[in-house]
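A structural walkthrough
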Amino acid sequence: MNLQIRKATSQDIEALIQITKACAAFMIQKGIFQWNENYPNREAFEHDITRNELYVLQEANEIMGCVVISTLMDEEYKSVNWGTPDGTNIYIHRLAVHPKAQGKGYAQFLMQYAESYAIKNNYRSIRLDTFSKNPRNQKFYELRGYKKLEDIYFPKQSVYPFHCYERIL
């Protein structure tokens, strides 16, 4: 497994759009309507690159996945009763691995990178959300030591809630 994680550039956006569209279609086949035509989108990835927070996973020079490691707290997160003080955390967004590469540990590899980054940079916790109708993702995070907290909503994505998770480091 020749995997490499690097900061994304604007030249990566097309590949990332294709990966997230493939992920959305794959989830929809399983009855999980987490991502759609509104999200993730080009503007989100451009913003992530501008903030220097988007990372890509490559295998033999092919982009297979991505993750956003951000210090920016989304407005929707402000009402959540987190286990650590605000301002000492990172937020994980848009974790994606192309369906053809799923089941090989690539998402684990991306999360290990994000968790190591958080520890190395003295953050107190890692916060994220995942769709309430995606039990596979919930189990993925829970097995990594993330604690489910409260629900939030992203109306442009779904009428169903998203569970917030936090792992205190």
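Residues numbered from 1 in each chain as written. Predicted model: local features only at pLDDT ≥ 70, side-chain atom pairs only at ≥ 80, totals over all residues. Heavy atoms only, no water.

Peptide bonds are, in most cases, trans, and in most cases residues other than glycine have a negative phi. Residue Pro40 follows Tyr39 across a cis peptide bond; omega there is -10 degrees. With a phi angle near 70 degrees, Asn61 is a residue other than glycine that sits in the positive phi range. The residue Asn61 is located in the loop between strand S2 (54-59) and strand S3 (62-70) in this model. You will see that Asn122, though not glycine, has its phi angle at about 60 degrees, which is positive. Relative to the assigned elements, Asn122 resides in the loop between helix H3 (106-120) and strand S5 (125-131). Classification of Asn122 by relative accessible area gives exposed; the value is 69%. (Helix = DSSP H or I, 4+ residues; strand = E, 2+ residues; numbered from the N terminus. Buried < 20%, exposed > 50% of the residue type's maximum accessible area, 1.4 Å probe, protein only.)

With that settled, consider the nonpolar core. Of all hydrophobic cores here, the largest spans 29 residues; its most connected members are Leu16, Trp35, Phe45, Leu54, Tyr77 and Ile152. Looking at this core, the elements with two or more residues in it are helix H1 (13-29), helix H2 (42-50), S2, S3, strand S4 (89-97) and strand S7 (162-168). The element contributing the most residues to this core is H1, with seven residues. If we ignore the near neighbours within four places in the chain, the residues touching Trp35 are Thr20, Cys23, Ala24, Met27, Ile28, Pro40, Arg94, Leu95, Ala96 and Gln157. Listed in part, the 23 residues of the second largest apolar core include Met64, Ala114, Phe140 and Tyr146. (Core = buried A, V, L, I, M, F, W, Y, C linked by side-chain atoms within 4.5 Å. Contact = heavy atoms within 4.5 Å.)

Attention shifts here to the environment of Glu37. Mapped onto the fold, Glu37 is located in the loop between H1 and H2. Residue Glu37 is classed as exposed on the basis of its relative accessible area, which comes to 69%.

This structure, assessed with the given rule, holds twelve aromatic pairs. Aromatic pair Phe131 and Phe162: ring centres 5.0 Å apart, planes at 45 degrees, arrangement tilted. Placement of Phe131 in strand S5 and of Phe162 in strand S7 is noted, with a sequence separation of 31 residues between them. Residue Phe131 is classed as buried on the basis of its relative accessible area of 1%. (Phe/Tyr/Trp six-rings, centres within 6.5 Å; stacked < 30°, edge-to-face > 60°.)

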